[in-house]
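Working through the structure, step by step
Listed below, chain by chain, are the residues.
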Amino acid sequence: VSRSDVLAYPKKEILHAQKRAASIMGAARTWFLVNGSSVGIHAILGALVKPGEKVLVHRECHKAVLMGLVFSGAVPIYLEPVPNLPEWAYGSVDIQKVEELLVKHEIKLVLVTSPNYYGISLDISRIAEICHEHDALLFVDEAHGTHFSFHDRFPTQALRAGADYVVQSMHKTLGGLYQTALLHSAGNSDFFDERVDNMLSMLQSTSPSALFLMSIDAALTEVHEKGEELYGNLIEMLDTLRSQLNT
């Protein structure tokens, strides 16, 4: 694959595979990543925010977000996590606080993590509404929710809930090789999509492993064809296990 096309500005096989991935995942555009979701986070912060501009950052974030803030020169405004009831596991956000901070500060980008390491998902549709009411873009780190598209028992995928950009890890819940991930655009801005192109061309390897790229394509093919069955079986096992644990 990589010998007949290039990952930065692809024209042939990789472009075709990315368009197919976008169709499967409900995106306007999809980029293949070979340095994990981290490089997608770095690219988004570099592309969407200028040095000195403010980003509302969910404090429940991966360290790649902090590194991306350093690289971009953006100024973080932190959104503290709140307990998710009834479990009291941290990771939720106060929706009213999101709106308060967007009113108080001139924020260009809102960056949240959903789901987090405990499996807690946010109300992305409501957060997206608030962001767009205040002319802010919404980027969701959905690294652990790549499987959400493939069964109706899962939460709504962030793109379908109104996010402008979403990053997902192929290697966490979809079976791609380690380091593989996807970056999606809702297609709301050709200008910012082109900036993402430029950032990824600078940040990603010029010699990506063909095995990495092929594993993304193969894993997406499998889950597109068999995902509902595979995840349905998993959900049945989890339901049984939960009932046993609760006794």
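Here, every reference points to the structure presented above.
Residues numbered from 1 in each chain as written. Predicted model: local features only at pLDDT ≥ 70, side-chain atom pairs only at ≥ 80, totals over all residues. Heavy atoms only, no water.

1. Comments concerning the overall build of the protein chain
What counts is decided by this rule: The numbering of helices and of strands both runs from the N terminus, where a helix is a DSSP run of H or I of at least 4 residues and a strand a run of E of at least 2. Computation of the radius of gyration draws on C-alpha atoms alone. For the globule rule, the value is 2.2 Å times the number of residues to the power 0.38. Accessibility here uses a 1.4 Å probe with only protein chains present; expressed as a share of the type maximum, an area under 20% marks a residue as buried, one over 50% as exposed, and anything in between as partly exposed.
Of regular secondary structure, the protein chain possesses 8 helices and 9 strands. At 18 Å, the protein chain has a C-alpha radius of gyration in line with the 18 Å of a compact globule built from 247 residues. Principal axes of the C-alpha set define a box for the protein chain whose edges measure 55 × 50 × 25 Å. In the protein chain, which comprises 247 residues, the proportion classed as buried is 50%.

2. With respect to the packing of aromatic side chains
To be explicit about the condition: Only rings of Phe, Tyr and Trp enter the pairing, Trp through its six-membered ring, and a pair is recorded when the two centres are within 6.5 Å. The plane angle decides the type: under 30 degrees is stacked, over 60 is edge-to-face, the rest tilted.
The full count for this structure, using the stated rule, is 3 aromatic pairs. Ring geometry for Phe154 and Tyr231: centres 5.5 Å apart, planes at 80 degrees, overall edge-to-face. Note that Phe154 is positioned in the loop between strand E7 (137–141) and strand E8 (165–169) and Tyr231 in helix H8 (residues 210–245), a separation of 77 residues in sequence. In this structure Phe154 comes out as buried when scored by relative accessible area, which is 18%. One aromatic cluster is present, formed by Phe148, Phe154 and Tyr231 through successive ring pairs.

3. Here we look at the sheet that holds E7
For sheets, the rule is that strands pair by backbone hydrogen bonds, running either parallel or antiparallel. Selection rule: In short, DSSP must find at least two bridges between two strands for them to pair. All axes here are fitted lines through C-alpha atoms, helices being fitted over the stretch that makes contact, and every angle between N-to-C directions spans 0 to 180 degrees. Two residues form a contact once any of their heavy atoms are found within 4.5 Å.
As summarised here, the arrangement of the 7 strands in space is E1-E9-E8-E7-E6-E2-E3, forming an open sheet in which the pairing is mixed. One side of each edge strand has no neighbouring strand; the edge strands of this open sheet are strand E1 (29–33) and strand E3 (75–79). Averaged over all pairs of adjacent strands, the angle between strand axes in this sheet comes to 20 degrees, irrespective of strand direction. Against the sheet, helix H7 (residues 190–203) contacts E1, E7, E8 and strand E9 (181–185), and its axis sits at roughly 10 degrees relative to E1.

4. Here's the deal with helix H1 (residues 13–25)
To be explicit about the condition: To estimate how far a helix should extend, the number of its residues minus one is multiplied by 1.5 Å. To obtain the arc, one takes the directions from the helix axis to the C-beta atoms.
For H1, with 13 residues, the first-to-last C-alpha span of 18 Å sits near the 18 Å given by 1.5 Å per residue. Where H1 is concerned, the buried positions are Ile14, Ala17, Gln18, Ala21, Ala22, Ile24 and Met25. Across the axial projection of H1, the buried residues extend over an arc of 160 degrees, all falling on one side. Across from the buried face of H1, at angles greater than 90 degrees, the exposed residues are His16, Lys19 and Ser23. Against E1, E8, E9 and H8 lie the buried residues of H1.

5. Examining the side chain of Ser37
Along the chain, Ser37 falls in helix H2 (residues 36–48). Classification of Ser37 by relative accessible area gives buried; the value is 7%. Not counting residues up to four positions away in its chain, the partners in contact with Ser37 are Ala143, Val167, Gln168, Ser169 and Ala181.

6. Here we look at the nonpolar core
Note the following rule: Take the buried residues of types Ala, Val, Leu, Ile, Met, Phe, Trp, Tyr and Cys, join any two whose side-chain atoms come within 4.5 Å, and each joined set is a nonpolar core.
Core analysis: the largest hydrophobic core is formed by 28 residues, its most contacted members being Leu48, Val55, Leu109, Phe139, Leu183 and Val196. If one sorts the elements of this core by residue count, H2 sits on top with 7 residues. Phe139 has contacts with Gly40, Ile41, Ile44, Leu109, Val110, Leu111, Val112, Tyr165, Val166, Val167 and Leu183, leaving out every residue within four places of it along the chain. Core analysis: the next-biggest nonpolar cluster, separate from the first, contains 26 residues, Leu101, Val110, Val112 and Ile127 among them.

7. Considerations on a nonpolar patch on the surface
Under the convention used in this document: Residues enter patches when their relative accessible area tops 30% and they take part in no salt bridge; the joining distance is 9 Å for like charges and 5 Å for the nonpolar side chains Val, Leu, Ile, Met, Phe, Trp and Tyr. The method behind every accessible area is Shrake-Rupley, applied with a 1.4 Å probe, and residues are considered shielded solely by the protein chains displayed. In what follows, salt bridge is the name for a side-chain nitrogen of Lys or Arg lying within 4 Å of a carboxyl oxygen of Asp or Glu.
On the surface, Leu234, Met237, Leu238, Leu241 and Leu245 cluster together into a nonpolar patch covering about 470 Å² of accessible area. As for its position among the elements, Leu234 is in helix H8. Given the relative accessible area of 35%, Leu234 is considered partly exposed.

8. Here's the deal with the packing of helix H4 (residues 95–104) against helix H5 (residues 124–133)
To characterise two packed helices, one gives the angle between the axes of the helices and the distance between these axes. As a reminder of what qualifies: Convention used here: angles under 35 degrees read as roughly parallel, angles over 145 as roughly antiparallel, angles from 65 to 115 as roughly perpendicular, and any remaining angle as oblique. The handedness criterion is simple: a crossing whose near helix is rotated anticlockwise from the far helix by less than a right angle is left-handed, and one whose near helix is rotated clockwise is right-handed.
Across the interface, H4 lies against H5 with an axial gap of 10 Å and an inter-helix angle of 15 degrees. Accordingly, the angle class assigned to the pair H4 and H5 is roughly parallel. The interaxial crossing formed by H4 with H5 has right-handed handedness. Counted together, Ile95, Val98, Glu99 and Leu102 of H4 and Arg126, Ile127, Ile130, Cys131 and Glu133 of H5 form the full contact between these two elements.

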